[in-house]
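# Examining the three-dimensional arrangement
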4 protein chains.
Amino acid sequence: MARRSSDPARVREKILKLAMEEFARTGFDGARVDRIAERSKVSKNMLYYYFKSKEGLFVAALERMYEEVRDQQRELSVRAHDPILAMKQLVEHTFQALESNPNAIRLMNEENKQRGRFLRKSKRIRDLYNPLVETISFILERGRVEGVFRPGLDSAVVYMTLSSLCYHYLSNRYTLEIALGKDLASAASRKAWVEHVGNIVLLYCTAEVPSTTAAKTAVMRQRATSDADA
Amino acid sequence: MARRSSDPARVREKILKLAMEEFARTGFDGARVDRIAERSKVSKNMLYYYFKSKEGLFVAALERMYEEVRDQQRELSVRAHDPILAMKQLVEHTFQALESNPNAIRLMNEENKQRGRFLRKSKRIRDLYNPLVETISFILERGRVEGVFRPGLDSAVVYMTLSSLCYHYLSNRYTLEIALGKDLASAASRKAWVEHVGNIVLLYCTAEVPSTTAAKTAVMRQRATSDADA
Amino acid sequence: MARRSSDPARVREKILKLAMEEFARTGFDGARVDRIAERSKVSKNMLYYYFKSKEGLFVAALERMYEEVRDQQRELSVRAHDPILAMKQLVEHTFQALESNPNAIRLMNEENKQRGRFLRKSKRIRDLYNPLVETISFILERGRVEGVFRPGLDSAVVYMTLSSLCYHYLSNRYTLEIALGKDLASAASRKAWVEHVGNIVLLYCTAEVPSTTAAKTAVMRQRATSDADA
Amino acid sequence: MARRSSDPARVREKILKLAMEEFARTGFDGARVDRIAERSKVSKNMLYYYFKSKEGLFVAALERMYEEVRDQQRELSVRAHDPILAMKQLVEHTFQALESNPNAIRLMNEENKQRGRFLRKSKRIRDLYNPLVETISFILERGRVEGVFRPGLDSAVVYMTLSSLCYHYLSNRYTLEIALGKDLASAASRKAWVEHVGNIVLLYCTAEVPSTTAAKTAVMRQRATSDADA
DNA sequence: CATGAATGAGTGTTCATTCAT
DNA sequence: CATGAATGAACACTCATTCAT
């Protein structure tokens, strides 16, 4: 009913959404406050009223992004299945999450480019634990108990391994294509890579444990197929 | 006959060097033409005379960076040794090369952020083949012949695997540290990761080939040690 | 029936106090309405409710300042003593009043800078008579009757003389220090100046009246001492 | 012949002139860079090209003003005449200089309001000696030798006395008019004040020296006339 | 009386780029 | 080849003021 736009929380939200897009698309330096204001149909000063500065807006956008990622990973937890399947699904899910969230990748890259300077300003982000590592721990433990994974595996190492392989493919697509002369955007190419990542992670988790022969063989059979596609 | 001003090629070189630094440090949008001019002690007009525009300068800097990377990889070719050792050395060398060349990482990230927009403008870069993939092919072939690596391995996949794992650790250090709550900058941490990458790549190359037992066992022994460190 | 919020008059007062400070410190243009609101812990709207505009607030602050100055001068009236002593005390008091009231100086300067534009808007200020001039009249008259001051002295001229000499020393301290290369902030320097002003005013009031020899000699004795200090 | 405006020095000069006006009229905070740029018909960036910042421009304007004042006082030195006449002329000249230079007064006031913060930034200003004090020294010395002035006079005190009395009349005209209910702008009023200042300064210089009776009597005769006018 | 949210014109400053010499 | 001076659009940010509740 009011002439002025209704709900402050809604306005904040709209600004934040558009800010995430702008910052992801152009980086912190490339982002234009004017553009964010214009697109969110809010006058520039409101933007400063809510977020105090361009930096403040960026930090808020980062925080929101981290929350979204965490929530997404929380709801899609794959604790149910058998360890090997669970791990494969986890890889797939991680890849898909990153793929469907290009803004997250770009914001993280931006943050790394700035040497974590914005991260350091946000208590909220530091307190956002990553449920993925926990999920991995859970799967690793079950696998160990069931005798398909070897003992002594570090969930952090597994996390870094699979996320590096997923993230880099998506993040560095253009320079990889130059280096390899291949198209990485095709569905086939992506599918093959996800399978490759799953294989390699499982290989690492099952390696050298004698009784895993059956599992490993299954894994390798899949890999053989997918590698041929790539 | 010679003028006192240092010859044009040298000037170009100096500009390029400072431009690489500036672009790597601050990204394309954050980079300031004035700063590059000032630091290279060349008037701004010279900069435009040689490179036509900020974009032109960025492309030239990218080209130069790719050449340097290629040359570095060429001279350190590890074709000599036995396949398993060669692969391990290749991983180490790749990591070290990236680590000692943070500008290269940042420029590549920048280029990916811009969706390859500058890359596309440079014929020279597209023509720059990457000797690393060739080296990997060579090692894989020798490994296959010697019976330590399984057949059917794709050098591109191996390349992507090892470079993802090395690159991501260095490039995304800050967000990884947030996600894991660990310090990735320590020498111990880096060493453990390089060994982990070596292990995982070798695991992939030797997997499921029955006769590789000896090789695999050797690999795993090392891994056991390094994993304990991490 | 009473609301918990402190009564309007008190709020007005608080705002006014903080406004005087802000306007004195930074001038009209430098003053920030937000800052005044924040410091007086009153919402900006209240400020506009009470004073209508930034100008209105400034005028109110000016008025209040003039009232304070007048009240201060009223309560410290020195009508009691013998004329020469009274005049000396008046000078001292004037200097001290200005010195302890730097805001008054700055607000007056601001007002003069604006060519009296705000003064003209305030009937109240125009109606505020200055008791100082009256006091001077009183002292001059008594001095004339007692034969120590010469006749025909204009209280306005005496007022302007002594206030110029006191005011300027305090108001233009920084540029005077540049011009003279001296420190005017020291206690010794200030004391010497006040004595000098007293001497000069008395010299003017007693000049050339033959029978004043005694008074003049006394004055000069003091001057000799204080001039030596300066 | 050139399309772009001819002489850099001329451009700088034009900017400076307009800047002095703007700063004098509105003070530092009230001054608008845009306005200065527009009036001097120079694009805003040129202004920053030459003076680096609004502050830089203000400091430059202050410097220029001090130079002008010094030059003006230098050329009009009154060292020639007999001491009493010389002093009277000096007072008149000082008053006229300030009166014809309202920008100087306003810039000095501004500088004092800012507590000398700009002055401190300028080595040039600190090095600009004030020839006025020297002239006063000269006159005082001659007066002492001729026996019309008493010995032990401090040129700095005389300088402060006369400049306070001249400056304040002009600088604080509006608040003085309020305090006194008089018009200070009229020619008669100004003339009377200048004579008063002359009288008072001479009184101070000649006071209590027995043999000066003649001189003093002359002075007082003039004063009697002028005081009647006021 | 009192408040949080909103406005829009402006505020000092910077940028990549070009011109005349 | 080389330079100092110039451009103009943009940039992040701020201000006094007002509206709806």
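In the block above lies the structure referred to throughout.
First things first, this report covers the structure right here in the doc. The structure displayed is predicted, hence computed values, not measured ones. (Residues numbered from 1 in each chain as written. Chains lettered and ligands numbered in written order. Predicted model: local features only at pLDDT ≥ 70, side-chain atom pairs only at ≥ 80, totals over all residues. Heavy atoms only, no water.)

### Quick notes on the interface of chain D and chain C
Across the contact, 56 residues belong to chain D and 56 residues belong to chain C. Summing both partners gives a buried area of about 5,000 Å² for chain D against chain C, and 65% of it is carried by carbon and sulfur. Across the chain D-chain C interface, the total number found is 4 salt bridges. When the shortest N-O distance is used, the salt bridge between lysine 182 of chain C and aspartate 154 of chain D registers 3.3 Å. Inspection of the chain D/chain C interface yields 10 residue pairs in polar contact (both at pLDDT 80 or more). (Contact = heavy atoms within 4.5 Å. Buried area = accessible area lost by both parts, 1.4 Å probe. Salt bridge = Lys/Arg side-chain N within 4 Å of Asp/Glu carboxyl O. Polar contact = N/O pair within 3.5 Å; in protein donor to acceptor, adjacent residues only side chain to side chain.)

### Here's the deal with the relation of the copies chain A and chain B
Overlaying chain A on chain B yields an RMSD of 0.2 Å, the required transformation being a rotation through 179° with an accompanying axial translation of 0.0 Å. One copy is carried onto the other by what is essentially a two-fold rotation axis. Interface overlap between copies: 100% of the residues of chain A at the interface are likewise at the interface in chain B, consistent with a symmetric, same-surface contact. (Least-squares fit on C-alpha atoms with pLDDT ≥ 70 in both.)

### Let's talk about the protein's contact with DNA strand F
Near DNA strand F there are 36 residues, and of these Lys44 of chain A, Pro8 and Asn45 of chain B, Asn45 of chain C together with Asn45 of chain D occur at the shortest range. Each atom of DNA strand F within 4 Å of the protein was assigned to sugar, phosphate or base; sugar and phosphate come to 58%. Note that a phosphate oxygen of DNA strand F is positioned 2.6 Å from one of the side-chain N or O atoms of arginine 32 of chain A. Within the side chain of serine 43 of chain B, a nitrogen or oxygen atom sits 3.3 Å from a phosphate oxygen of DNA strand F. Put simply, the parts of the chain that give the surface near DNA strand F at least two residues each are α3 (44-51) of chain A, α3 (44-51) of chain B, α3 (44-51) of chain C together with α1 (8-30) and α3 (44-51) of chain D. Take the surface near DNA strand F: its biggest share by element is 5 residues, from α3 of chain D. Here the surface near DNA strand F is built from residues that sort into 15 nonpolar, 10 polar and 11 charged. (Near = heavy atom within 4 Å. Helix = DSSP H or I, 4+ residues; strand = E, 2+ residues; numbered from the N terminus. Nonpolar A, V, L, I, M, F, W, Y, C, P; charged D, E, K, R; others polar.)

### Let's talk about the interface of chain A and chain B
Each partner contributes to the interface: chain A provides 56 residues, whereas chain B provides 56 residues. Carbon and sulfur atoms make up 65% of the area that chain A and chain B hide from each other, which totals about 5,000 Å². Counting residues per element, the ones that place at least two in the side of chain A that touches chain B are α1 (8-30), α6 (102-113), α7 (123-127), α9 (155-171), α10 (173-180), α11 (187-206) and α12 (213-229) of chain A.

### What to know about the pattern of salt bridges
Following the criterion strictly, the structure yields 73 salt bridges over all chains and no others. Among the salt bridges present, the one from arginine 25 of chain D reaches glutamate 22 of chain D, with a minimum N-O distance of 2.8 Å. Taken as a pair, arginine 25 of chain D and glutamate 22 of chain D lie in helix α1 at a separation of 3 residues, close to a single helical turn. In this structure arginine 25 of chain D comes out as partly exposed when scored by relative accessible area, which is 36%. Notably, a salt bridge pairs aspartate 34 of chain D with lysine 44 of chain D, separated by 2.8 Å at the nearest N-O pair. Remark: lysine 44 of chain D occurs in helix α3 and aspartate 34 of chain D occurs in helix α2 (residues 33-39); sequence separation between them is 10 residues. The exposure class assigned to aspartate 34 of chain D is partly exposed, which follows from its relative accessible area of 47%. Because the salt bridges share partners, they merge into one network encompassing Glu13, Glu63, Arg64, Glu67 and Arg124 of chain A. (Buried < 20%, exposed > 50% of the residue type's maximum accessible area, 1.4 Å probe, protein only.)

As far as function goes, none of this settles anything; it's purely spatial.
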